[in-house]
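# Residue-level structural notes
Residue strings, one per chain:
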Amino acid sequence: MSPQPPPPPASDASALRSWLLAAKRAVEQRGVDADALLREVGLDLSTLSDPMARYPAHLGLAFWQKALRATGEELLGVDLALQFLPLNFTALGYALMASENLAQMYLRLARYAHVVTDAADVRFHLDEGVGRLTITGDQALLGTADAATVWSIFDYAMLTLVRGSRMLYGRDFVPLELRLQRQRPKDHARFEKVFRCTPLYGCKENALLVDHATLHKPLSFANLEVVKASEEAMDRYRSHWPDRGLPQQLAAVLKEMLPSGEPRQDDVAPRLAMTLRTLQRRLAELDTSYRDVLNQTRHQLALDHLAAARYSVGEISFLLGFSEVSAFTRAFRRWTGTSPSTWRQGALTPPPHAH
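All figures in this text were calculated on a predicted structure; none of them were measured in a lab.

Here the phi dihedral of Thr90 falls at roughly 50°; this positive angle occurs in a residue that is not glycine. Relative to the elements of secondary structure, Thr90 occurs in helix 5 (residues 90-97). A relative accessible area of 17% means that Thr90 is categorised as buried. The residue Arg196 is not glycine, and still its phi comes out positive at about 60°. Among the structural elements, Arg196 can be located in the loop between helix 9 (188-195) and strand 6 (207-211). Judged by relative accessible area, which is 39%, Arg196 ranks as partly exposed.

Bringing the confidence of the model for the protein into the picture now. The predicted model of the protein averages 87 in pLDDT, with 91% of residues at 70 or higher. Looking over the protein, one finds the lowest element-wise mean pLDDT in helix 12 (residues 241-244), namely 60, and the highest in strand 5 (residues 177-179), namely 98. Residue range residues 1-8 is modelled with pLDDT below 50. Its contacts to residues more than four positions away, or to other chains, number nine contacts.

The next subject is the side chain of Arg166. By secondary structure assignment, the location of Arg166 is in helix 8 (residues 147-169). Summary of buried charges: Arg166 has no salt-bridge partner, and the nearest side chain of opposite charge, Asp172, is 7.7 Å away. Ignoring anything within four residues of it in the chain, the contact list for Arg166 reads Arg171, Phe173, Val194, Phe195 and Arg196.

The next point concerns the sheet that holds strand 3 (residues 120-127). Pairing within the open sheet is antiparallel, and its four strands lie in the order 3-4-6-5. Both outer strands of the open sheet, strand 3 and strand 5, are each paired with one neighbouring strand and no more. The average undirected angle you get between the axes of adjacent strands in this sheet is 15°. Sitting on the sheet, helix 8 is in contact with strand 4 (130-137), strand 5 and strand 6, with an inclination near 150° to strand 4.

Okay, the pairing of strand 6 next. It is a general feature of regular strands that their side chains alternate between the two faces of the sheet. Within strand 6, four of the five residues are buried, which leaves the element mostly enclosed by the surrounding structure. As defined by bridge partners, strand 4 adjoins strand 6 across five bridges and the pair is classed as antiparallel. Directly across from Thr134, in strand 6, lies its bridge partner Ala207.

To continue, consider the packing of aromatic side chains. A full pass over the atoms with the stated rule returns 11 aromatic pairs. When the centroid spacing of 6.3 Å and the interplanar angle of 75° are considered together, the rings of Trp19 and Tyr156 count as edge-to-face. Placement of Trp19 in helix 1 (residues 17-28) and of Tyr156 in helix 8 is noted, with a sequence separation of 137 residues between them. The same class applies to Trp19 as to Tyr156, namely buried. Pairing Phe191 with Tyr201 gives two aromatic rings, centres 6.2 Å apart and planes at 40°, and the pair type is tilted. Separated by 10 residues along the polypeptide, Phe191 in helix 9 and Tyr201 in the loop between helix 9 and strand 6 bring together distant segments of the chain. Exposure remark for Phe191: the relative accessible area of 0% places this residue in the buried category. Through pairs of rings, three or more aromatic residues link up here, namely Phe322, Phe328, Phe332, Trp335 and Trp343.

Reading guide: rules and limits
Residues numbered from 1 in each chain as written. Predicted model: local features only at pLDDT ≥ 70, side-chain atom pairs only at ≥ 80, totals over all residues. Heavy atoms only, no water. Helix = DSSP H or I, 4+ residues; strand = E, 2+ residues; numbered from the N terminus. Buried < 20%, exposed > 50% of the residue type's maximum accessible area, 1.4 Å probe, protein only. pLDDT = per-residue confidence, 0-100. Contact = heavy atoms within 4.5 Å. Lys, Arg positive; Asp, Glu negative; His and termini not counted. Salt bridge = Lys/Arg side-chain N within 4 Å of Asp/Glu carboxyl O. Pairing = 2+ DSSP bridges. Axes fitted to C-alpha atoms, helices over the stretch in contact; angles between N-to-C directions. Phe/Tyr/Trp six-rings, centres within 6.5 Å; stacked < 30°, edge-to-face > 60°.

See the structure below:
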């Protein structure tokens, strides 16, 4: 019986490359080789020249978990948030900065947050004069990471929200409450100094509560023309999401076909209900190619198989459609800089426990 392919990722969520670029800088500032960590999880920023390019969120989360372990810095998410600029959110950043007041800014963020990442859900509610903005994550995705990594991701998200509010409102912006799911960090003094408030730790949600007067104070950078143009740009971008999901659709087909050998493009195109020329054109419009997606798919499948320790290196080579084990080994060295056996040995070493 032929070995079965691995299950798909827990989540097919994606995110803009801007987060990954900022995360890379934060890691490098701690003296860690971020490029090496990115290669280990199957990410190559050199292929993402489009500022609106997206990457699989589960790979970004795997990178961040490795970064936390490599740096030993529990507040790495704070480092990342301190690098935040509204323009990191492209058109959404312009729309947020030009909002009439914080209430409108939060409503806009809730409406368009999926442009930045569909791995998070932002909601804003007004109740008896108090506004509550909550941020939740894709539970299937977050379930693949340890608690320290999840807390760090929300450190980044919540501090980015607080700092963005302060940029618009002024230095005297103070929320009524800041609720965090995380436990109090060891360096809580630095943590609370950056937030300029003492959060409520161990809560059921990650939320920011703001009073009515603060929410509705007119903001000096308000510009409805900028808001309108930015929202139109985001609406156009969202309308093309089916095309931007093409690499993921292609990867799903490749996973099915690889155990029978390396698939040919003209055999794959009909599985996607398009001609070969259309497939090549649409991939080129997304700044990628059939070969790029094939290599990325093989790379991620190789890491999944090796980490699961279910198959031998020879069996994995077969599952990935390589004609010889040596060809797989050479490809894996190009992807990671090491051999499959060496990588597996490191992956199976028990990680330190999160505190």
